[in-house]
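Here are the chains, one letter per residue:
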Amino acid sequence: MSNIGSYEQRLKDFDWSISEKELGYKKGDNINIGWYCTDRICQMGNGDKLALIHQDHLGNVRNFTYNDIRQLSNTFAAFFVKLGLKPGERICIFMDRVPELYISFMGILKTGAIAQPLFSAFGDESLFTRLDNAKTSAILTQKKHLPKVRKILATLPELRHIIVIDAGDASLKEREISFDMEKEPRVDKFDVYPSTAETPSVLHYTSGTTGQPKGAQHVHYSLIGQYLTAKWVLDLQPDDIYWCNADPGWVTGTSYGIIGPWANGITQAVLDAGFNAEHWYAFIQKHKITVWYSAPTAIRLLMKEGIDLVRKFDLSSLRHLCSVGEPLNAEAVLWSKEAFGLMFHDTFWQTETGAIMITNFPGMPIKPGSMGKPFPGITATVVDPRNFEPVNNPGTVGLIAFRPGWPSMMRSYWNNPEVYKNKFKNGWYLSGDRASIDADGYFWFVGRDDDVINTGGHLVGPFEIESALLEHPAVAESAAIGKPDPVNMEVVKAFVALKPGYQPSDDLELEIMNFIRKKLSPLAMPQEIEFVKSLPKTRSGKIMRRLLRAQEWGEPIGDISTLEND
Ligand code: WT7
């Protein structure tokens, strides 16, 4: 039996106080995520339970119990206080997925400071933009990333401390200080900062369509949403071994790669290594992963490797699979059913929403290709882009909109109240995405608000085209964008990466065009197919159509600091 039970029943009875009660929180109480995810679990008698199973890229495994992460996060916290870091100051985490990343995150929150996680793969320019915008006071990093920090230090006067977690004998320079978590005397008792609901907690940078990245600012009360969504959507249960393969530089890696599982007292496994299908399956087999939170691009990469590889491993421990970040095409859902005997459950949300908003719940009939239904307590709809009124017509495409006020919603964009204000229209928060809702209340993603292709007055969803392209045997990855056209305003152009064993040719181009024409419509048929080796993706695996589109339209490319294969 899943945690959520009957969706209909949960909808009827729902109130966020369900989550508050389970966490023992009452309005006006102190609420500190760092305390909830460590001390509280220990107080409930689970101090000896494994909190973190960590495997590095060489295959070395280290285990940490809840008591370990409680004491080690205290140790970090005490150190931050000693350095003079104050509540509200921003402390950046700029590390690979080492245990210190997860543990220092808790330590920062325990002091009342704001955690600012950034991908360690960022170059110095991307790093600078975000540290400069947040006026960050301290950065935690590894020796290997130090050169990038040193390069920009002169232009960051507010950055007082560069904390190196693995300095060893390396000689440190101005503002740099060594802190080795394992060598420090452990701090058993730390006075956790008495944060309340609206105290800032996490600052997550996200790239918009235009301009510089914006910092979505979250608060400690977000826990109420993250705890319950992790429990009901990821279906976390006491004996689970949970794996979220997202990097905490991305909100999935914090909301559901740290806070959600630990607030639930669950054992989570972390693999600090890039994508490799064989290693991933071996990881699942070795640690007997039961719940896995992944993303469509990763799933499609696994698909590319084929089912024979899956069969070489014992993956029978898997019980529940979820996905987030981009449209999960029906083909990937059906493939996972064949490969693992389980369907990936799509979840939709954003950096700004802080927690899952629309999803396929465990136990609910999945319509492959649909994102599912709103989480109880979330009022979601699609609105007409002209007047921002809900579109009450099944199948009609509109803008995804949420009624503001859910617990984990961002409270502002850092230093950018104007852009924040612009996210709200007619009493709705606009996600910037398009979707339709069918007669059964299921949401169907169409595309980003700015990605939908308008050809001859007909709206065509790139997701639809890409899904269809993926069904062609030669296609490994694809992206569809609108290309300027003097008659139709836009026509569809597709970028396609082929599977091994296929070569680009005019014949293949024609064949794929016809395949789409037949599968969808003449309007949706690409007028041009460009064969590429790979597609530009963000570090979180999202295909950057925006980049392809800008190239096509001869426009400036904008911020590409999250680009993966640059
Ligand atoms: C955007 C948010 C919260 C972690 C995800 C990344 C797209 C997200 C889905 C999905 C189709 C999705 C949307 C959204 N997106 N999930 N299940 N189906 N699109 O957070 O980097 O802030 O990106 O990702 O366009 O607005 P993010």
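Keep in mind that this is a model prediction, so the values were computed, not measured.

Conventions and cut-offs
Residues numbered from 1 in each chain as written. Predicted model: local features only at pLDDT ≥ 70, side-chain atom pairs only at ≥ 80, totals over all residues. Heavy atoms only, no water. Helix = DSSP H or I, 4+ residues; strand = E, 2+ residues; numbered from the N terminus. Rg over C-alpha atoms; globule rule 2.2 N^0.38 Å. Buried < 20%, exposed > 50% of the residue type's maximum accessible area, 1.4 Å probe, protein only. Contact = heavy atoms within 4.5 Å. Areas by Shrake-Rupley, 256 points an atom, 1.4 Å probe, with all protein chains shown as cover. Lys, Arg positive; Asp, Glu negative; His and termini not counted. Charge placed at Lys NZ, Arg CZ, Asp CG, Glu CD. Phe/Tyr/Trp six-rings, centres within 6.5 Å; stacked < 30°, edge-to-face > 60°. Lys NZ or Arg CZ within 6 Å of the ring centre and 35° of its normal. Near = heavy atom within 4 Å. Polar contact = N/O pair within 3.5 Å; in protein donor to acceptor, adjacent residues only side chain to side chain. Pairing = 2+ DSSP bridges. Salt bridge = Lys/Arg side-chain N within 4 Å of Asp/Glu carboxyl O.

Draft legend 1. The overall build of the chain, seen in detail. The helix and strand tally for the chain stands at 18 helices and 27 strands. Taken against the 2.2 N^0.38 rule, which gives 24 Å for 566 residues, the C-alpha radius of gyration of the chain at 23 Å falls within 12% of a compact globule. Here the C-alpha coordinates of the chain stretch approximately 70 × 55 × 55 Å along the principal axes. For the chain, the residues scored as buried account for 61% of the 566 residues in total. The long-range fraction of contacts in the chain, counting pairs at least 24 apart against all pairs at least 6 apart in sequence, stands at 68%. As displayed, the chain offers around 22100 Å² of accessible surface, 51% of which is attributable to carbon and sulfur atoms. Taking the average location of the 60 positive side-chain charges in the chain and that of its 67 negative ones, the two points are 3 Å from each other.

Draft legend 2. Summary view of the packing of aromatic side chains. The final tally for this structure, using the stated rule, is 34 aromatic pairs. One aromatic cluster in this structure is built from Trp243, Phe275, Trp280, Tyr281, Phe283, Trp292, Phe313, Trp335, Phe340 and Phe344. In this arrangement the basic side chain of Lys367 is found over the ring face of Tyr442, its NZ or CZ atom lying 4.6 Å from the centre. Directly above the ring of Trp428 sits Arg403, whose terminal nitrogen or CZ lies 3.9 Å from the centroid.

Draft legend 3. Quick look at the site of the ligand. As a structural note, the neighbourhood of the ligand is formed by 19 residues, with Asp346, Thr347, Thr351, Asp433 and Arg448 the closest of them. One of the side-chain nitrogen or oxygen atoms of Trp250 is found 3.4 Å away from an oxygen atom of the ligand. Surface burial for the ligand is 95%, taken as the share of its 560 Å² of free accessible area covered by protein chains. Those elements giving two or more residues to the shell around the ligand turn out to be helix 10 (251–263), strand 14 (344–348) and strand 22 (443–448). Looking at the shell around the ligand, the element that brings in the most residues is strand 14, giving three residues.

Draft legend 4. Region of the structure containing the sheet that holds strand 2 (residues 61–65). The strand order across the open sheet built from nine strands is 2-1-11-10-12-13-14-15-16, with neighbouring strands paired in mixed fashion. Each edge of the open sheet is held by one strand with a lone partner, namely strand 2 and strand 16 (373–374). Here strand 15 (residues 358–359) pairs with strand 16 via two bridges, running antiparallel. Across the sheet, residue Thr359 finds its bridge partner in strand 16, namely Lys373.

Draft legend 5. Fine view of the pattern of salt bridges. For the structure shown, the criterion picks out 29 salt bridges. Lys183 is the salt-bridge partner of Asp180, the closest N and O atoms lying 3.4 Å from each other. Overall, the relative accessible area of 23% leaves Asp180 in the partly exposed class. For Lys183, a relative accessible area of 69% puts it in the exposed group. A single salt-bridge network, built from bridges that share partners, covers Lys483, Lys493, Glu528, Glu530 and Glu552.

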